[in-house]
Amino acid sequence: SLGGSEMCIRDRTQTYGASADVTLDWKLINPKRVPDIAAARDEFEKAKNHFNSTLASPDAPLSLQQQAFYNVGNAMFRLGETTDNPDDKAKQWIDALKKYEGALELSQQLDNTPKDEDAQFNTDIVKKRLEQLQQQQQQQQGDDEQEQDKNENQQEQQQQKSDEQKKQEQQQEQNEQQTQQQQDS
């Protein structure tokens, strides 16, 4: 299983766009604490959409855009965590990685702002998680191939048994016919 506390991204309580009254506390929508994964997925989608609207705003200051990139990355990472489909998970995480990298680039453009350590930390975590996911997929693929080979071998063995049975039945039939012919003569 992927996870463990050393493999968690860093979340911040953030504000949606320029609206100070709408805050997002990531701990409240952590899928491990939400009994209904669909509800968590909906919350992450809402968060992603709100932060993307900030990115689309031409009036958003660079610092707010930088935070929005970071938070869209978190939302996308969390969306990836809510799915069991490895391809969907990888797609969300790759998109999250791009957003974190965007946050890092913007943090370097901001005056008097240190490099965004959280965005760097999350970039590193997502890269590790993607590597683990890829390894799991390769392992699963190898297991699937072994299972397929095993099934093919079993089918071949069954076919051989069936062929041998037919030969034995034919041989027995010929023997019975010969015996019948001998009795008739």
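For the structure, check the block above.
Small disclaimer: the values here were computed from a predicted structure and weren't measured.

1. Here we look at the overall build of the chain
At step 1: Looking only at helices and strands, one finds 4 helices and 2 strands in the chain.
At step 2: Mapped from its N terminus to its C terminus, the chain presents α and β elements in the order β-β-α-α-α-α.
At step 3: Expressed as a percentage of its 185 residues, the buried residues of the chain come to 32%.
At step 4: Considering only contacts in the chain between residues 6 or more positions apart, those separated by 24 or more positions represent 63%.
At step 5: Counting only carbon and sulfur atoms, one obtains 42% of the accessible surface of the chain, whose full area is about 12300 Å².

2. A few points about the packing of helix 2 (residues 62-81) against helix 4 (residues 117-184)
At step 1: Between helix 2 and helix 4, the least distance of the axes is 11 Å, while the angle of their chain directions is 25°. Accordingly, the angle class assigned to the pair helix 2 and helix 4 is roughly parallel. Relative to helix 4, helix 2 is oriented so that their crossing is left-handed. When helix 2 is examined against helix 4, the residues Tyr70, Asn74, Phe77 and Glu81 are found in contact with a partner set consisting of Asp118, Ala119, Asn122, Val126 and Arg129.

3. Description of the packing of helix 2 against helix 3 (residues 86-109)
At step 1: Running from N to C, helix 2 and helix 3 point in directions that differ by 165°, and their axes come no closer than 8 Å. Regarding the angle of helix 2 to helix 3, the classification is roughly antiparallel. The way helix 2 lies across helix 3 gives a crossing that is left-handed.
At step 2: Within the contact of helix 2 with helix 3, the residues separate by chemical class into 12 nonpolar, 9 polar and 4 charged.

4. Let's talk about helix 3
At step 1: A rise of 1.5 Å per residue sets the reference length of helix 3, with its 24 residues, at 34 Å; its end C-alpha atoms lie 35 Å apart and thus fit the reference within 8%.
At step 2: Its side-chain oxygen 2.8 Å from the backbone nitrogen of Asp87, Asn85 forms the N-cap of helix 3.

Rules of the game
Residues numbered from 1 in each chain as written. Predicted model: local features only at pLDDT ≥ 70, side-chain atom pairs only at ≥ 80, totals over all residues. Heavy atoms only, no water. Helix = DSSP H or I, 4+ residues; strand = E, 2+ residues; numbered from the N terminus. Buried < 20%, exposed > 50% of the residue type's maximum accessible area, 1.4 Å probe, protein only. Contact = heavy atoms within 4.5 Å. Areas by Shrake-Rupley, 256 points an atom, 1.4 Å probe, with all protein chains shown as cover. Axes fitted to C-alpha atoms, helices over the stretch in contact; angles between N-to-C directions. Parallel < 35°, antiparallel > 145°, perpendicular 65-115°, else oblique. Left-handed = near helix turned anticlockwise from the far one by under 90°. Nonpolar A, V, L, I, M, F, W, Y, C, P; charged D, E, K, R; others polar. Expected span 1.5 Å × (residues − 1). Polar contact = N/O pair within 3.5 Å; in protein donor to acceptor, adjacent residues only side chain to side chain.

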